[in-house]
Amino acid sequence: MAGRQGQLTFDQIAPQEPPQTLGVSDVSGLIETLLADERLQGIWVRGEITNYTHHSSGHHYFSLSEERYGKVSTIQCVIWRSDAARIGIALANGMDVQIFGSVGLYPPQGRYQFYAKDVRRTGEGEKHLLVERWKRELDAEGLFAAERKQPLPRFPRTVGVVTSSTGAVLQDIRNVISRRFPLTLIVSPTVVQGETAHLEIAAAIRRVDTRADVIIVARGGGSFEDLFPFNHPDVVRAVAECTTPVVSAVGHEVDVTLCDLAADLRAPTPSAAAELIVPDRGELISELLTCRQHLIDQLVRRVQKGSEEVTALSGRLHPARLERLVNRRREDLATLSERLERALTTGMVRRRSEIREQRAMVEAGNPLRLLSRGYCMVERENRPVTSAHQISKGDQVLLRLADGTGVAKIKEVSYDRNI
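Quantities reported herein were computed from a predicted structural model and do not represent experimental measurements.

### Some words on the overall build of the protein chain
Helices and strands together make up the secondary structure of the protein chain, namely 12 helices and 14 strands. Counting only C-alpha atoms, the protein chain reaches 165 × 105 × 55 Å along its principal axes. In the protein chain, buried positions account for 30% of the 419 residues. Summing over all exposed atoms, the protein chain offers an accessible surface of approximately 28700 Å²; the carbon and sulfur share of this is 53%. Taking the average location of the 55 positive side-chain charges in the protein chain and that of its 53 negative ones, the two points are 13 Å from each other.

Okay, structure coming up:
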């Protein structure tokens, strides 16, 4: 029905299509997609640790807070157990830190949080950049080049240790070496952390150089700040300049310092360094016993083989057998002598016959034999005349006879037209 002016029609008052309804998971998915923005991934965030909890599972939970313009901003953070073991920093409330990671959504509680993979005390960021710059410069100098690495001695007699004289590291090294292969330790003590630690470490390395067969530069685990002196160029150059092979064992396996890169060999821990530079006495004894048994077995086999050969030779050299062997060889020699004599006789006869035939052929071709029959040779200007065309009237020629020569003058030349 058509409506009158100022009134709605039926079509106009019909119910509209309801809006699309999303599930909670759909909304979470949209939020997670938005949080995947690259600006929120792989970033450093600075703040103060609050509400810190170290869970029995090994995971770390805390908030990172910042106060700006009188307002406090907070973001929930988590460090999984696998990442926490690598970081090596003891976290606590009130610490001012920089954390590296990415923002992500925690769907069960519908909140976003920061998943941290690295933690540094504030100020360490600049030191990380400094270490990276030192690394590039020292690498350009060739201090990390593989070709300058020295091999470790197989059986060192003395080991130099550069570490703290009061720490557990030195005792660990002593225990391992005394258990595996006791030898002389030369300790060059030094502080291993602090503002001037790099100077003392470098001096301790130079002090023990040439006085030992191999040197261990060692320190226990610690934070980046604790290990910082072992990144200093003074320590790196001291290691690179050593004429004695150097093994670096600084921090834990995941820690890599510039000292490690300059050393001839890097060990994951100080105890591992001790195991790398000295052999295991028990294994050496076992190897020696194996070699000893091998030599005995070889000697027994050689004696048995020699005995068998002597027995065989004794049988072959029995008087009756030897006499038969000599007689057989004499018969063979007589037969060969006869064959050789016959071959020589036959050969000489054949050679004489060939010589006679060759001599007859030579004699038959000798022009002097023709002269003895009344012939003569005509020569002109020391050349034989073989044709009437070679002489002319008045020429003087030489007549060569069997028993002499004569000179004649040509009075007339006639040509035989039939030839």
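### Description of the sheet that holds strand β5 (residues 111–121)
Here we have five strands rolled up into a closed barrel, ordered β1-β2-β3-β5-β4, and mixed in their pairing. Within the sheet, the average angular offset between the axes of one strand and its neighbour, ignoring direction, is 55°. Across nine bridges, the pairing between strand β2 (residues 60–68) and strand β3 (residues 71–79) is antiparallel. Looking across to β3, one finds that Leu 64 is bridged to Ile 75.

### A closer look at the sheet that holds strand β14 (residues 404–409)
Spatially, four strands are ordered β12-β11-β13-β14 in an open sheet, and the strand pairing comes out antiparallel. Every other strand in the sheet has two partners, leaving β12 (383–384) and β14 as the edge strands with one partner each. The pairing of strand β11 (residues 377–380) with β12 spans two bridges and is classified as antiparallel. Bridged to Glu 379 within β12 is Pro 384.

### Remarks on a nonpolar patch on the surface
On the surface, Leu 22, Val 27, Leu 30 and Ile 31 cluster together into a nonpolar patch covering about 330 Å² of accessible area. Note that Leu 22 resides in the segment before α1 (24–35).

### Digging into the packing of aromatic side chains
A ring pair, where both rings are aromatic, is described by two values, the distance of the centres and the angle of the planes. One pass over the full model with this rule turns up four aromatic pairs. Ring geometry for Trp 80 and Tyr 115: centres 5.9 Å apart, planes at 35°, overall tilted. Placement of the pair is Trp 80 in the loop between β3 and α2 (81–87) and Tyr 115 in strand β5, with a sequence separation of 35 residues. Among the residues examined, Trp 80 registers a relative accessible area of 33% and is labelled partly exposed. Where Trp 134 meets Phe 228, the ring centres are 5.6 Å apart and the plane angle is 35°; that geometry is what we call tilted. Here Trp 134, found in helix α3 (residues 124–140), pairs with Phe 228, found in the loop between α6 (224–227) and α7 (233–240); they are 94 residues apart in sequence, far enough to count as distant. Assessed through its relative accessible area of 10%, Trp 134 is described here as buried. Of the residues examined, Phe 228 reaches a relative accessible area of 13% and is grouped as buried.

Here is what the cut-offs are and how they apply
Residues numbered from 1 in each chain as written. Predicted model: local features only at pLDDT ≥ 70, side-chain atom pairs only at ≥ 80, totals over all residues. Heavy atoms only, no water. Helix = DSSP H or I, 4+ residues; strand = E, 2+ residues; numbered from the N terminus. Buried < 20%, exposed > 50% of the residue type's maximum accessible area, 1.4 Å probe, protein only. Areas by Shrake-Rupley, 256 points an atom, 1.4 Å probe, with all protein chains shown as cover. Lys, Arg positive; Asp, Glu negative; His and termini not counted. Charge placed at Lys NZ, Arg CZ, Asp CG, Glu CD. Pairing = 2+ DSSP bridges. Axes fitted to C-alpha atoms, helices over the stretch in contact; angles between N-to-C directions. Patch = residues over 30% accessible without salt bridge, like charges linked within 9 Å, V, L, I, M, F, W, Y side chains within 5 Å. Salt bridge = Lys/Arg side-chain N within 4 Å of Asp/Glu carboxyl O. Phe/Tyr/Trp six-rings, centres within 6.5 Å; stacked < 30°, edge-to-face > 60°.

Nothing here speaks to function; it is all geometry.
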